[in-house]
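Structural overview for review
Spelled out from the first residue to the last, the chains are:
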Amino acid sequence: MKKVHNFNAGPCILPKEAIAASIEALKEFSGTGMSVIEVSHRTKEWEAVMNECEALWRELLDIPENYKVLFLGGGASMQFCMVPFNLMEKKAAYLETGVWAKKAFKEAKGFGEAVKVASSEDKVYSYIPKGYEIPKDADYFHITTNNTIYGTEIKHDMDSPVTLVADMSSDIMSRPMDVKKYGLIYGGAQKNVGTAGVTFVIVREDLLGKVTRHIPTMLDYRTHIAEGSMFNTPPVFPIFVMTETLKWVKNFGGLKAMQKHNEEKAALLYNEIDRNPMFVGTAALEDRSLMNICFVMTEQYKDKEDDFMKFAKERGMVGIKGHRSVGGFRASTYNACPKESVQALVDCMQEFEKMHK
């Protein structure tokens, strides 16, 4: 197999152990004589996977009993409307820190009064706004904790005077967190917890059933809670991959060990960006993401960007091209990205620097 260093932003690198187990399950699942993508989701073998997946979520994040864990389709983008459908009676507040936060805010406008408390769009979303006021009459306050395109991250569990809702698509399971500070957490799996095709939702059950509007059956969280995420056929293979990925996280040492791992990787690459005269980071220092590390060539070397991209690709770097809306480079260092890959990228940057001294 060709050796590459996978820095794709999503779908992204997965633990080799999870991939290996998933390959075996595709051949035959749990002694059934069938592939995991053939078995009925109503069998005891599949129900065991669903139960194990939820148990791993609860154990790793220490999720209280009054929170429900759901596995749904539609991606995080579907949650942009499901959240206001279920939680917004009159007013909701949003913090705009990137493209996905902006899309979530736009969707909420169709359900009532949506208030933008602050935005970092004035500086191309290169920082997390501070000093804003959360309206106390809002039904909830929505944040996007990690911004994959711009490389900024909210790395703490903030206090909010109203129900806190968080899109954690790209930093869930990267650190320990206090679930009790949130009313609802959601995200696509294809960064830290599996492959594309399943969305996780963690919701405090007492928040539901409060709005007066009609909620379509499939968009009502209570529908999926009542049916154990199997109101309709669940995305079985992505859930299986998620389960195997969470097993790997647990075996790694849990979220404290994962946070240390992620901090070490990020420090290694950020230190090189700050040292190397050819590169400069694009995110504010205090808001730099541990998951998506964004940088560009310095003004003096702007004309070398394509050369470096080619140079890096020849050395096995995959997925480091920055998002089309911002350009430059982006190294996504999610949980399963090994430190060796980050070191390989650092070595590549240093070698390129020596060539142009």
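These figures come from a predicted structure and were not determined experimentally. (Residues numbered from 1 in each chain as written. Predicted model: local features only at pLDDT ≥ 70, side-chain atom pairs only at ≥ 80, totals over all residues. Heavy atoms only, no water.)

Turning our eyes to something else, we now look at the nonpolar core. By size, the foremost hydrophobic cluster in this structure holds 86 residues, and its most contacted members are Trp46, Trp57, Leu61, Phe141, Ile172 and Phe308. If you tally residues by element for this core, the top one is helix α2 (residues 44-61), at 8 residues. Sequence-distant contacts of Leu61, defined by excluding residues within four places in its chain, comprise Ile172, Met173, Met177, Val179, Ile202 and Leu255. (Core = buried A, V, L, I, M, F, W, Y, C linked by side-chain atoms within 4.5 Å. Buried < 20%, exposed > 50% of the residue type's maximum accessible area, 1.4 Å probe, protein only. Helix = DSSP H or I, 4+ residues; strand = E, 2+ residues; numbered from the N terminus. Contact = heavy atoms within 4.5 Å.)

Before going further, it helps to spend a moment on the environment of Leu345. Looking at the element boundaries, Leu345 is found in helix α9 (residues 339-355). By relative accessible area, Leu345 is classed as buried at 0%. With 80 residues separating them in the primary sequence, Leu345 and Lys265 have C-alpha atoms 11 Å apart. In contact with Leu345, not counting residues within four places along its chain, are Phe7, Leu269, Phe308, Met317 and Ala331.

Turning our eyes to something else, we now look at α2. Spanning 18 residues, α2 covers 26 Å between terminal C-alpha atoms, matching the ideal 26 Å at 1.5 Å per step. Each element contacted by the buried residues of α2 is listed here: β2 (67-72), β10 (199-204), α6 (236-252) and α7 (254-275). Looking at the residues trailing α2, positive phi occurs at Asp62, about 50 degrees. (Expected span 1.5 Å × (residues − 1).)

Another aspect to go through is the side chain of Asp220. Take Asp220: it is sitting in the loop between β10 and α5 (221-226). Given the relative accessible area of 8%, Asp220 is considered buried. Other than its neighbours up to four places away in sequence, Asp220 contacts Met82, Asn86 and Ile215.

As a packed pair, helix α8 (residues 305-314) and α9 sit with axes 10 Å apart at the nearest point and diverge in direction by 130 degrees. Overall, the two elements α8 and α9 adopt an arrangement that is oblique. Taken as a pair, α8 and α9 cross one another with a handedness that is right-handed. Residues Asp307, Phe308, Phe311 and Ala312 of α8 form the contact with α9, whose own contacting residues are Leu345, Cys348, Met349, Glu351, Phe352 and Met355. Partitioned by chemical class, the residues of the contact of α8 with α9 number 8 nonpolar, no polar and 2 charged. (Axes fitted to C-alpha atoms, helices over the stretch in contact; angles between N-to-C directions. Parallel < 35°, antiparallel > 145°, perpendicular 65-115°, else oblique. Left-handed = near helix turned anticlockwise from the far one by under 90°. Nonpolar A, V, L, I, M, F, W, Y, C, P; charged D, E, K, R; others polar.)

Let us look at the sheet that holds strand β12 (residues 292-297). What the 3 strands build is an open sheet, ordered β11-β12-β14; its pairing is antiparallel. A single partner strand is all that each edge strand has here, and the edge strands are β11 (279-281) and β14 (329-332). With direction set aside, neighbouring strand axes in the sheet form an average angle of 35 degrees. Note: β12 against β14, 4 bridges, orientation antiparallel. In the strand pairing of β14, Phe295 is matched with Phe329. (Pairing = 2+ DSSP bridges.)

Turning our attention to the pairing of β10. The buried fraction of β10 is high, at 5 of 6 residues. Alignment of β2 against β10, held across 6 bridges, turns out to be antiparallel. The residue of β10 that forms the bridge with Leu70 is Val201. The pairing of strand β9 (residues 184-188) with β10 spans 5 bridges and is antiparallel. Counted as the bridge partner of Gly188 is Thr199 from β10.

Attention now goes to α9. Its 17 residues place the ends of α9 25 Å apart at the C-alpha level, agreeing with the 24 Å of an ideal helix rising 1.5 Å per residue. Looking only at α9, the buried set comprises Ser341, Val342, Ala344, Leu345, Val346, Cys348, Met349, Phe352 and Glu353.

Next up on the list: the sheet that holds strand β3 (residues 91-96). Here 7 strands make up an open sheet; going across it, the order is β2-β10-β9-β8-β5-β3-β4 and the pairing mixed. Two strands in the sheet have a free side with no partner beyond their single neighbour: β2 and β4 (113-119). With direction set aside, neighbouring strand axes in the sheet form an average angle of 15 degrees. Across 4 bridges, the pairing between strand β5 (residues 141-144) and strand β8 (residues 164-167) is parallel. Each residue of the ladder has a partner; that of Thr144, found in β8, is Asp167.

This part takes up the pattern of salt bridges. Pairing of side chains with opposite charge becomes possible as their charged atoms draw close. All chains considered together, the criterion is met by 24 salt bridges. Here Lys247 and Glu52 are joined by a salt bridge, their closest N and O atoms 3.8 Å apart. Of this pair, Lys247 sits in helix α6 while Glu52 sits in helix α2, and the two are 195 residues apart along the sequence. For Glu52, a relative accessible area of 33% gives the class partly exposed. Across the pair Glu286 and Lys130 runs a salt bridge whose closest N-O atoms are separated by 3.6 Å. With Glu286 in the loop between β11 and β12 and Lys130 in the loop between β4 and β5, this pair connects stretches of sequence that are 156 residues apart. One exposure class covers both Glu286 and Lys130, and it is exposed. (Salt bridge = Lys/Arg side-chain N within 4 Å of Asp/Glu carboxyl O.)

What follows is about the pairing of β4. The pairing of β3 with β4 spans 6 bridges and is classified as parallel. Counted as the bridge partner of Glu96 is Ser119 from β4. As for the winding sense of the linkage, the β-α-β connection from β3 through helix α4 (residues 99-108) to β4 is right-handed. (Right-handed = clockwise from strand over helix to strand, strands pointing away.)

By themselves these figures say nothing about function.
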